Amino acid sequence: MKKYMIALAASAAAILATGGIASAQMEKVKACFIYVGPIGDFGYSYQHHQGALDMQKAIGADKVELSYLESVPEGADTERALERLARSGCNIIFATSFGFMDGTNAVAGKFPDIKFEHATGFKRDHPNVSTYNSKFHEGRYVQGVIAAKESKKGVAGYIASFAIPEVVMGIDAFVLGAQSVNPDFKVKVVWANTWFDPAKEADAAKALFDQGVDIVTQHTDSTAPMQVAHERGGKAFGQATDMIKFGPETQLTAIVDDWGPYYTERVKALMDGTYKQVDVWGGMKEGHVVMAPYTNMADDTKKLAEEAEAKIKSGAFNPFTGPVKKQDGSEWLAAGAVAPDGELLGLNFYVQGIDGELPKN
Amino acid sequence: MLESILLTIATAATPLLLAAIGELVVERSGVLNLGVEGMMLMGAVIGFGAALSTGNPWIGVFAAIVAGMLFSMLFAVLALSLATNQVATGLSLTLLGVGLSGMIGEAFVGQPGVKMAAIYIPGLTDLPFGRLFFGQDPLFYISLLLTAGVAWFLFRTRAGLTLRSVGDSHSSAHALGIKVIPIRYAAVAFGGACAGLAGAQMSLVYTSQWIENMTAGRGWIALALVVFASWRPGRVLLGAYLFGAITILQLHVQAMSVNEIAQWTGPFAFVPEIGRWLLGALKAVPTQFLSALPYLATVIVLVIISRNRRLTLINTPASLGRPFVPDR
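Below or above, wherever it landed, is the structure these notes cover. Computed from a predicted model, the values in this text were never measured in an experiment.

### A short note on the overall build of chain A
Here is step 1: The secondary structure content of chain A amounts to 11 helices and 14 strands.
Here is step 2: On the principal axes, the C-alpha backbone points of chain A span a range of 95 × 40 × 40 Å.
Here is step 3: Here chain A holds 361 residues, and the buried ones make up 52% of them.
Here is step 4: In chain A, of all internal contacts separated by at least 6 residues, the share reaching a separation of at least 24 is 64%.

### Details of the pairing of strand β1 (residues 29–34) of chain A
Residues and elements named next belong to chain A.
Here is step 1: Of all the six residues making up β1, five are buried; the element is thus mostly covered by neighbouring parts of the structure.
Here is step 2: Here β1 runs beside strand β2 (residues 64–69); their pairing, made up of six bridges, is parallel. Across the sheet, residue I34 finds its bridge partner in β2, namely L69.
Here is step 3: Once the chain exits β1 it traverses helix α2 (residues 44–59) before rejoining the sheet at β2, and the crossover so formed is right-handed.
Here is step 4: In this structure, β1 lies alongside strand β3 (residues 92–95), joined through four bridges in parallel fashion. Bridged to I34 within β3 is A95.

### Some thoughts on the sheet that holds strand β12 (residues 289–291) of chain A
Here is step 1: Pairing is mixed across the open sheet formed by six strands, whose spatial order is β7-β6-β8-β9-β10-β12 (chain A). Because the sheet does not close on itself, it has two edges, and the strands there are β7 (186–191) and β12 of chain A. The sheet shows a mean angle of 15° between the axes of neighbouring strands, taken without regard to direction.
Here is step 2: Where strand β6 (residues 155–160) of chain A lies against strand β8 (residues 215–218) of chain A, four bridges are found, and the strand directions are parallel. Opposite Y158(A), over in β8(A), you have T217(A) as the bridge partner.
Here is step 3: Contacting β6, β8, β9 (235–240) and β10 (251–257) of chain A, helix α8 (residues 224–231) of chain A crosses the sheet at an angle of about 170° to β9(A).
Here is step 4: The sheet strands contacting helix α11 (residues 233–255) of chain B are β6 and β7 of chain A, and the helix crosses β7(A) at an angle near 150°.

### Observations regarding the packing of helix α10 (residues 218–228) of chain B against helix α14 (residues 287–307) of chain B
All names here are of chain B.
Here is step 1: Contact geometry of α10 with α14 gives a least axis separation of 9 Å together with a crossing angle of 30°. With respect to α14, the element α10 is oriented roughly parallel. α14 is crossed by α10, and the crossing has left-handed handedness. For the pair α10 and α14, contact is made by A224, V227 and F228 and by T298, V301 and L302, respectively.

What counts as what
- Residues numbered from 1 in each chain as written.
- Chains lettered and ligands numbered in written order.
- Predicted model: local features only at pLDDT ≥ 70, side-chain atom pairs only at ≥ 80, totals over all residues.
- Helix = DSSP H or I, 4+ residues; strand = E, 2+ residues; numbered from the N terminus.
- Buried ≥ 20, exposed ≤ 12 C-beta atoms within 10 Å, placed from the backbone.
- Contact = placed C-beta atoms within 7 Å.
- Pairing = 2+ DSSP bridges.
- Right-handed = clockwise from strand over helix to strand, strands pointing away.
- Axes fitted to C-alpha atoms, helices over the stretch in contact; angles between N-to-C directions.
- Parallel < 35°, antiparallel > 145°, perpendicular 65-115°, else oblique.
- Left-handed = near helix turned anticlockwise from the far one by under 90°.

The structure is reproduced here in structure tokens:
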């Protein structure tokens, strides 16, 4: 009898042990994504989807099942979309836009066994919510350097989407980069109030060129501004994707979002049981932000841009290093001071040198 | 600068005008086709593809018209021959169009397209403001001719009268021996062709590229414009340009700096002070509100015209949205 008891206990322990390992390790994973735009936008959502495909390729199509919903509206519909995915058996869900933040946290509370990953946000209300982001502003700083050096009119146009910290950070970094070359450089900001409307983005670009800029950059997702810049004989920066095909004589460089490494790392961690809640903010150093080749510019501009890129990549330089003044002239960062990440992630003001008012959310 | 702004407004207004003038004819025949957005997208993707593979934008335009027309026939068979609910059928046409165009266009994503060149008449185009009248893309002129043609057809021809009578009372028209269903088929086909053309304008003129869902709701604006215009072609023209103007000007308000106005030359030079004050006031308005302004203007006009019941009754096709099933 006693023997039996020991055997039973041993086998129970064995089951528990293997069971424990089985729940931590996974043979197969269903990874799900929601995108704010269509995956055919050739911009932001396209790039996230490429990252997802890279991840599947890296781990193996037999091990990772992909599922995604595209053009998911930010707001109330987000929760519906996420719940649908959660109920369909996803093990990990990547919500790839800032506006999915509240929806992601609400749904994560209802499905504690599913891992949620939210891009560009800051809320982690539940232990199963991680956030990840890229330091796009590092690329914007380099763009600013290029724009100030290449612009003949001393003014660049900036097509912005919504006044969220990430976008404001991009504008500020662009201006700081430009001011490092030409302290009097001007930037005109136009808020399109959309992430994705090619025609409206084209209109915004046309308006900016009509208002006297000769270089445009954008924080909206389509290739339309690049084409307008080409028609008007100006220059432009690609957004999220290398858009050189749309402006062989127009694109100066592009900030390329490379999400593949992060997605691979996270799904792998989930499979081998090392997954932990994180808050990742990778930049050029981590390979999350990549600059497309520097084209259509003078050699000394190219050299300057490469220097700025190398400086940031090595970690020796942060674009938000003082002295920096706020738009109203008050001091933000003292000489040599570096803006803490936490403050940047909630950034809601312009730096000095930008004309116009920041829309309130 | 002014000429350039006006040109931008014309480009922004043209797809709305094209789609709305087609839908106006459809609704005048008593049919409500909510599939405009879907038909525009089909036109945009097919037009883009045809132009890309042949290198000729005109082939793209032609293909877009055919695509819009064929796609609208799907609606016509369901809503006219099988007398399904027009609202539901139209909505599903839009949903289908969004998905189908995305699927067809998958291979076109990330490919620079073919742009339809603006016309150039030596001498005339080079005049001051010459580009506005003699230097725009051909579809701009087609949209204006089409509007004039529709106005003439509806109110100056016997065929137009017949079409309107079908829209006002299909049973009376039927009793008079008018073939209600074939006339409505023709109207829906015309609407589809116009929506396809509007789509081609978006993917061949406005922005020469295909991106999924690139019409971004303009089909719905076109539908609202028809009501806004109380089913009159002239007012559709007015509405489309008003909408285009507000859309473009709000971007200029944002880009313009108050200090620059003082240095203005040209037609506004004599009012820099008023300009500064006005721009300052406009700039104080949140950009989100400015972006919403065209839509808000449409709602306000809709409220105003529906208050005048008699006027609404005169212009609204009385059989609008009602399926016609002849007695058997």
